[in-house]
Amino acid sequence: MFLAAIEKSMASSSKSALDMGRRCARLAGLLSMLGLASCHEPVDRIVEQTFNQTCKVEPNARLTVRNLDGSIRIYGADTHEVKIEAIKKAYDQARLDKIIINVEAHATSVAIDTIYPPKPKFGLADRSGTVDYIIIVPATCTIPRLELTNGEMLIAGMRGGRVNANLVNGRLFDHNNFGAHELFVANGGLDIVYDWWEQSKFSVDAKIVNGNARAFLPGEAAFHLLAAAVDGNVSSDFSEKENRHRGLVPKIDAIVGGPSEVVIQLHATNGSIRVAEANP
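Residues numbered from 1 in each chain as written. Predicted model: local features only at pLDDT ≥ 70, side-chain atom pairs only at ≥ 80, totals over all residues. Heavy atoms only, no water.

**Q** Help me understand the environment of Arg 66, please; the structure alone is not making it clear to me.
**A** As for its position among the elements, Arg 66 is in strand E2 (residues 62-77). Sequence separation of Arg 66 and Thr 149 is 83 residues, and the distance between their C-alpha atoms is 8.7 Å. Dropping the residues within four chain positions of it, Arg 66 is found in contact with Ile 112, Asp 113, Thr 114 and Glu 147. (Helix = DSSP H or I, 4+ residues; strand = E, 2+ residues; numbered from the N terminus. Contact = heavy atoms within 4.5 Å.)

Below, the structure is given as structure tokens:
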């Protein structure tokens, strides 16, 4: 469609552009032979630096992480340590050196803060860089603040503790967690995935403003589902069979699989919600 709209205006200049390209190619070949220059601009090269730190902590320690651009991946494990690996990336060494990872570690708490250099006031390019975190924590620890502005966030394998995660732009994954999780995404996507189910008390309270939310749950799962979409629809594979094909609905309040202490709450402002049976 766009090609059709501009085809006429391009036709009159195609011959001159072709001639210009041929002249440039001949000139590039000549200059290359002479070793003087090239028609190609220098390619930006990304420089990287890896940061590692291990902190001894108690099983119920508190963790907070703040990052601007990049990713945060949290993995719960049977451990008494917080292991931090971060990969800093930027387009030049000067910028890379200005990205600071600040860790304040105690037996009962670990706080990770990412400090970036000021962004350029002028120009289209942002050369401030990114940081990608991989953090292994005790599965029973509490995460009262997990903040990322742009990128991807993953939380996996947490058990029993409270987790509060906020993402502005990007995608958030909550995978096999059995605690009290509060998740928020402003713009992007939100996925909640369980590969297996446990009959214990846990909850997910997930909200997304602009984008879609999905939950993939085992067929044997038992939970209280509360799902609502303001400007969108809700669908669930766990609805009664006679209601599954009556069209999408704005909200669902249903007990699935019998009595349970598990509560799954999903809310979308501008977007839809899909609750699907994993591997049916």
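**Q** Explain the pairing of E2 to me, please; I cannot follow it from the model alone.
**A** Here is the key point about a regular strand: its side chains alternate between the two faces of the sheet. Where E2 and strand E5 (residues 109-115) come together, five bridges link them in parallel fashion. Within E5, the residue paired with Val 65 across the bridge is Ile 112. In the sheet, E2 pairs with strand E6 (residues 130-138) via eight bridges, with the strands oriented parallel. Looking at the pairing, Ile 74 lines up with Ile 135 of E6. (Pairing = 2+ DSSP bridges.)

**Q** I keep staring at the pattern of salt bridges and nothing clicks. Help me out?
**A** Scanning all chains against the criterion turns up 11 salt bridges. Between Asp 132 and Lys 89 there is a salt bridge; the shortest N-O distance is 3.7 Å. Placement of Asp 132 in strand E6 and of Lys 89 in strand E3 (residues 81-90) is noted, with a sequence separation of 43 residues between them. Connected through salt bridges with shared partners, the residues Lys 56, Glu 81 and Lys 83 form a single ionic network. (Salt bridge = Lys/Arg side-chain N within 4 Å of Asp/Glu carboxyl O.)

**Q** How should the pairing of strand E8 (residues 159-175) be read in this particular structure?
**A** Note: strand E7 (residues 142-156) against E8, 11 bridges, orientation parallel. Its bridge partner being in E8, Met 153 is matched across the sheet by Leu 172.

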